Amino acid sequence: MTHETDDQIIEKPSIDNEENLDWAKQAYARLKQQQEEKKIQSQILLEKTFPQESIEEPSSENSGINSLEETSNSLQQVDISKPSLASLSPEGIQEEPSLGEFDDTFAWSAKVLEAQGKKADKISLDEINWLSRLQQGLEKTRKGLVTDLLEKFGDDPLTPETLDELETLLLRSDVGVTATDQIINALRTRLNEEVLDSKEGLRFLKDQLCQILDMPIEETGGNALAPQRNILNIWLLVGVNGVGKTTTLGKLANLALSNGFSTLIAAADTFRAAAVEQVKVWGDRSGVAVIANNSPNADPASIVFDAIGAAKSKNVELLLVDTAGRLQNKNNLMEELTKVRKIITRLAPEANVESLLVLDATQGQNGLSQAMGFSKSADITGVVITKLDGSSRGGVAFAVASQTKLPIRFIGAGEGIRDLRPFNSFEFVEALLANK
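Residues numbered from 1 in each chain as written. Predicted model: local features only at pLDDT ≥ 70, side-chain atom pairs only at ≥ 80, totals over all residues. Heavy atoms only, no water.

Re the overall build of the protein chain
Okay, step 1: The helix and strand tally for the protein chain stands at 15 helices and 10 strands.
Okay, step 2: Per-residue burial over the protein chain gives 50% buried out of 436 residues.
Okay, step 3: Of the roughly 21100 Å² of accessible surface on the protein chain, a fraction of 47% belongs to carbon and sulfur atoms. (Helix = DSSP H or I, 4+ residues; strand = E, 2+ residues; numbered from the N terminus. Buried < 20%, exposed > 50% of the residue type's maximum accessible area, 1.4 Å probe, protein only. Areas by Shrake-Rupley, 256 points an atom, 1.4 Å probe, with all protein chains shown as cover.)

Here it is as structure tokens:
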């Protein structure tokens, strides 16, 4: 897949090559062997640890109690410098992904990884599992878009009439006016230059969709968002109530911890009932300590003040801040965010600060309106799109990228603690148009 610029032709990865199926089978065989070896190693370790003849399986109930006790002890000590899996509560630990049968979903996931330059002996089951969940999560959007899309494209070369119908389809899928205009204009220009068959037209469409999603990311440096090592990074989670801010914060904490970043959470949404307790639950699940004040309507800025002090004293690399999201009091909400930002600037001027707006994909264009409002008044630096697995409006990602010019940093496609990942435009577009 390619697209031309004034200076160069940029090659885009493609999963259309059927030869990639052999690569997928090789990857599956390696993962299968790796899983069998892991089982053998686990059994050997178990026998060495418990050499008695009869080994009883540990009670899941007792295990849960021990884990919860360890979590309680770790939080009381606020030992944020050495997070440990031992402090996770049972409901926060997902079972390791298991390798099922070699099927179309595995083959598609492997092809997507191979198209991005991955080697068959370097891919992980976790990567395969995430792509499978992403594909499944976008099923509702895909059903509303792809079936009609393939009907419009058909087997014949594209025509101006086809593009008119495609324009209507994209608008109906919450892609947005700006993104739709960009896609249709690019297709019309290409169609005026040469005959475009349906297969090449679909590849060109994928290319245009990726460009729309990538443009805001490229304008901010072109890299996925990740904390910098050995310095304080502060990420504010903002957005209206009900979009999944607190859940996203917990998943980000788990993701950061699993990648080796020392992490701390500040429960600064003190206005919503039970918000602080919800943050504490996610702290338990992810194994990350929480700075909180249980007093009703406590000052959010004072909590952030305490959290920055704790983060500095423990050399924490990532401080995640949950913020209030009262839609009915927008002016007060922005004032609270401004106070928090002032505290951060005063106490941690050297910190890398990100304000991530959390949007609910099920809200479609309403979510876009929220993004436009927040981006103008809250110094938003990126977007997290949640609940893609429950929405037929996944196309709103293109509207957000094209109209707000904000980079999409993370996406969520499930309820599990692992179901949030850094955004990858190629994977998103391929999942949206999977197996097509």
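Focus on the packing of aromatic side chains
Okay, step 1: Evaluated as defined, the whole model comprises 6 aromatic pairs.
Okay, step 2: A centroid spacing of 5.5 Å and a plane angle of 80° characterise the contact between Tyr28 and Phe102, whose relative ring orientation is edge-to-face. Here Tyr28 is found in helix H1 (residues 20-49), whereas its partner Phe102 is found in the loop between helix H2 (60-77) and helix H3 (104-115), with 74 residues between them in sequence.
Okay, step 3: Judged by relative accessible area, which is 29%, Phe102 ranks as partly exposed.
Okay, step 4: When the ring of Phe102 is compared with that of Phe106, the centres are 5.6 Å apart and the planes differ by 55°; the resulting orientation is tilted.
Okay, step 5: A relative accessible area of 5% means that Phe106 is categorised as buried. (Phe/Tyr/Trp six-rings, centres within 6.5 Å; stacked < 30°, edge-to-face > 60°.)

Comments concerning unusual backbone geometry
Okay, step 1: The phi dihedral of Asn315 is positive, around 55°, even though this residue is not glycine.
Okay, step 2: If you trace the backbone, Asn315 turns up in the loop between helix H11 (300-313) and strand E6 (318-322).
Okay, step 3: Among the residues examined, Asn315 registers a relative accessible area of 62% and is labelled exposed.

What about the side chain of Lys251?
Okay, step 1: Along the chain, Lys251 turns up in helix H9 (residues 245-258).
Okay, step 2: Buried charged residue Lys251 carries no salt bridge. Nearest counter-charge: Glu415, at 5.5 Å.
Okay, step 3: In terms of polar contacts, Lys251 uses its side chain to reach the backbone carbonyl oxygen of Gly414, at 2.8 Å.
Okay, step 4: Setting aside anything within four residues of it in sequence, one finds Lys251 in contact with Trp282, Gly414, Glu415, Gly416, Ile417, Asp419 and Leu420. (Lys, Arg positive; Asp, Glu negative; His and termini not counted. Salt bridge = Lys/Arg side-chain N within 4 Å of Asp/Glu carboxyl O. Polar contact = N/O pair within 3.5 Å; in protein donor to acceptor, adjacent residues only side chain to side chain. Contact = heavy atoms within 4.5 Å.)

Some words on the packing of H3 against helix H4 (residues 125-137)
Okay, step 1: At a minimum axis separation of 9 Å, H3 and H4 run at an interaxial angle of 110°. Classified by the interaxial angle, the pair formed by H3 and H4 is roughly perpendicular. Crossing of H3 against H4: the hand is right-handed. Contacts between H3 and H4 involve Thr105, Phe106, Trp108, Ser109, Ala110, Val112 and Leu113 from the first element and Glu127, Ile128, Leu131, Ser132 and Gln135 from the second. (Axes fitted to C-alpha atoms, helices over the stretch in contact; angles between N-to-C directions. Parallel < 35°, antiparallel > 145°, perpendicular 65-115°, else oblique. Left-handed = near helix turned anticlockwise from the far one by under 90°.)

Considering H11
Okay, step 1: Relative to the 20 Å expected for 14 residues at 1.5 Å per residue, H11 spans 20 Å between its end C-alpha atoms, a close match to the ideal helical length.
Okay, step 2: Those residues of H11 that sit buried are Pro300, Ala301, Ile303, Val304, Ala307, Ile308, Ala310 and Ala311.
Okay, step 3: Asn315 sits one or two residues past H11 and shows a positive phi near 55°. (Expected span 1.5 Å × (residues − 1).)

From the geometry alone we can't say anything about function, so treat these as descriptive.
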